[in-house]
Amino acid sequence: MDHFPIFLRVEGRRIVLSGGGDAALAKLRLLLKTTAHITVFARGAAPEIQAWAEEGKLRLVERGMAPGDALCAALFYAADEDDAEDARTSAIARADGALVNVVDNLEDSQFITPAIVDRDPVTVAIGTEGAAPVLARAIKADLEERLPAALGPLARIGKTFRKAADALPFGRARRDFWRDYYFGAGPKTIRNGEVAVQEALDTLLADHLDRKARPGHVHFVGAGPGDPDLLTMKARRALDEADVVIHDRLISQPILELARREAIMIDAGKEGFGPSMSQTEINALIVHHARSGAQVVRLKSGDATVFGRLDEEIDAVSAERISWDIVPGITSASAAVAAIGQSLTKRERNSSVRFLTGHDMKGFADHDWAALARPGEVAAIYMGKKSARFIQGRLMMHGADRHTPVTVVENASRPEERILATTLDALPAALAAAEMTGPALTFYGLAPRDAAQARPDIDFPVPHAKEAF
Ligand code: SAH
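Residues numbered from 1 in each chain as written. Predicted model: local features only at pLDDT ≥ 70, side-chain atom pairs only at ≥ 80, totals over all residues. Heavy atoms only, no water.

Draft legend 1. View of the packing of aromatic side chains. Taken as a whole, this structure holds 11 aromatic pairs when the rule is applied. Centroid distance F177 to W178: 4.9 Å. Interplanar angle 75°. Geometry classified as edge-to-face. On the basis of relative accessible area, F177 is assigned to the buried category, the value being 0%. A relative accessible area of 13% places W178 in the buried class. Clustering of aromatic rings is evident, with ring pairs tying together F161, F177, W178, Y181 and Y182. (Phe/Tyr/Trp six-rings, centres within 6.5 Å; stacked < 30°, edge-to-face > 60°. Buried < 20%, exposed > 50% of the residue type's maximum accessible area, 1.4 Å probe, protein only.)

Draft legend 2. Molecular detail of the nonpolar core. Within the largest apolar cluster, 24 residues are counted, with the highest numbers of intra-cluster contacts made by I15, L17, L28, V40, I49 and L58. Of all elements in the fold, only β1 (14-18), α1 (22-31), β2 (37-41), α2 (47-54) and β4 (73-78) reach the threshold of two or more residues within this core. Per-element accounting of this core gives the leading share, five residues, to α1. With 22 residues, the next largest nonpolar core counts L395, A400, V406 and A430 among its residues. (Core = buried A, V, L, I, M, F, W, Y, C linked by side-chain atoms within 4.5 Å. Helix = DSSP H or I, 4+ residues; strand = E, 2+ residues; numbered from the N terminus.)

Draft legend 3. Examining the sheet that holds β2 more closely. The five strands are arranged β3-β2-β1-β4-β5 in an open sheet whose pairing can be described as parallel. Taken across any chain shown, the strands that pair with only one partner, and hence form the sheet edges, are β3 (59-61) and β5 (99-102). Each neighbouring strand pair of the sheet contributes to a mean axis angle of 20°, computed without reference to strand direction. For β4 and β5, the ladder comprises four bridges, and the chain directions are parallel. Note on β5: the bridge partner recorded for Y77 is N101. Sheet strands touched by helix α3 (residues 83-96): β1, β4 and β5. Its angle to β4, the strand with the most contacts, is close to 170°. (Pairing = 2+ DSSP bridges. Axes fitted to C-alpha atoms, helices over the stretch in contact; angles between N-to-C directions. Contact = heavy atoms within 4.5 Å.)

Draft legend 4. Summary view of the pairing of β1. Of all five residues in β1, four are buried, a share of seventy percent or more. Sheet topology places β1 next to β4; five bridges connect them, and they run parallel. Considered in β4, the bridge of L17 is made with Y77. In the classification by handedness, the crossover that spans β1, the intervening α1 and the parallel β2 is right-handed. (Right-handed = clockwise from strand over helix to strand, strands pointing away.)

Draft legend 5. Geometry of the site of the ligand. Around the ligand there are 18 residues in total, and V306, T331, S332, A412 and A440 lie nearest to it. At 2.8 Å, a backbone N or O of D303 approaches an oxygen atom of the ligand. Its residues assigned to classes, the shell around the ligand shows 11 nonpolar, five polar and two charged. (Near = heavy atom within 4 Å. Polar contact = N/O pair within 3.5 Å; in protein donor to acceptor, adjacent residues only side chain to side chain. Nonpolar A, V, L, I, M, F, W, Y, C, P; charged D, E, K, R; others polar.)

Draft legend 6. Inspection of the domain arrangement of the protein chain at higher detail. Each assigned domain of the protein chain is listed with its residue range as follows: domain 1 (14-113), domain 2 (151-209), domain 3 (217-330) and domain 4 (342-454). Each of domain 1 and domain 2 has a C-alpha centre, and the two are 41 Å apart. (Domains from an automatic or database assignment.)

Draft legend 7. Layout of the side chain of T89. As for its placement among the helices and strands, T89 is situated in helix α3. With residues near it in sequence (within four places) discarded, T89 still touches S18, M65, F76, A78 and D80.

Draft legend 8. Region of interest: the pattern of salt bridges. Enumeration according to the criterion identifies 21 salt bridges in this entry. Of the charged contacts, one joins D425 and R402 as a salt bridge, the two residues approaching to 2.8 Å between their closest N and O atoms. Within this pair, whereas D425 is found in the loop between β18 (418-423) and α16 (427-434), its partner R402 is found in the loop between α15 (388-397) and β17 (405-410), the two being separated by 23 residues in sequence. Sharing partners across several salt bridges, the network here consists of D248, R298, K300 and E313. (Salt bridge = Lys/Arg side-chain N within 4 Å of Asp/Glu carboxyl O.)

So, in structure tokens, the structure goes:
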């Protein structure tokens, strides 16, 4: 690191700039955001600079720099876009004791100006020591997009509340309060104006003061397949009372919106900038929040106990002697079978139903294919899109009828729900043609009820004669 980043206090101090063209303008736009006194030396300065001078935002001296002009200045910018003039003015400024920057000349500069993301009082400075200005700009653009414009006002309001928040014990309790504000209550209420944020801060503080006495708890909640109407009353209550909600990627937006307004929402399945969170990280996150006294809702799609890696999380929580409970949810097989108007079990057809996963941690999952290949068997296959060809191959190898109905339900219970009815032999091709991008559940041995009636040519294993149940 040849350049050490610091934030220099310039309030009330002098910053001097020599130059009146484009380079000067670009720097002045930045400098005018500060509370420094700015002096510009330029003959024939650009109209914007003259206007700023008239508005009293800076002092314009319409001549070239002379010795003594940069006395007491904290910083000096040589921005004449002329090597000889820049060398002359920067020598003067150096002699006057100012730190010197020659615009677009790293070699002769004592400091460089970073790319800045401005959410005053929150400022992010990005530097590449001149190595890759393109990279600095790309990082800036990325951050500009990711940091809400409200960050500045939130920090300003937060600052006024620091004294009140001192009522919380120093350390984790206080940190948790501020984290809840900046990542939960604050961003959620800022749209409604400053007064709403003040109120949210009061509520949050009362909540946190209360929390000291209350032990943390973890609800492992099944969120169902996506339709908020398919949440249980218990799940809704848990969301309503949650301090922290840690959710998977598959949880739909309308369900997330039911969480308490002040709750911190954590997406544990995020795939954006880096890889999704590891199971160990998720376990640690749940434990961390519960230990600080929070009511944690660990929200999982469908039913938390079905292909949800629930046991690992329960083990982590139990090991810390944190109390927990499971709130059952509607698993996607239930929602998908409802979508096709069938039942999962049926007298004379199948007295058992298997819930399978298409792949596990080791790759494609193996199952008792011989048993599944028998007529009348029904299986609900989770995570089965990628493994469709493998499953088809295994079943046919074990003697399954190639006409066995297979139905894929994508986005069960959501507005984008789609049903693909096919047969075992046509499954991979049909899936490829359907180009499904949402979560999908595959039924082996079940056709949609309409198709079962409309396709008498296919011998579905549905004994119509004995339907009384
Ligand atoms: N615990 C969840 C399953 C988690 S595994 C449950 O009980 O449903 C993730 C798989 O669930 C997905 O790959 C998909 O096969 C299935 N799934 C989840 N939501 C779904 C939905 N709305 N429609 C169809 N399948 C879904």
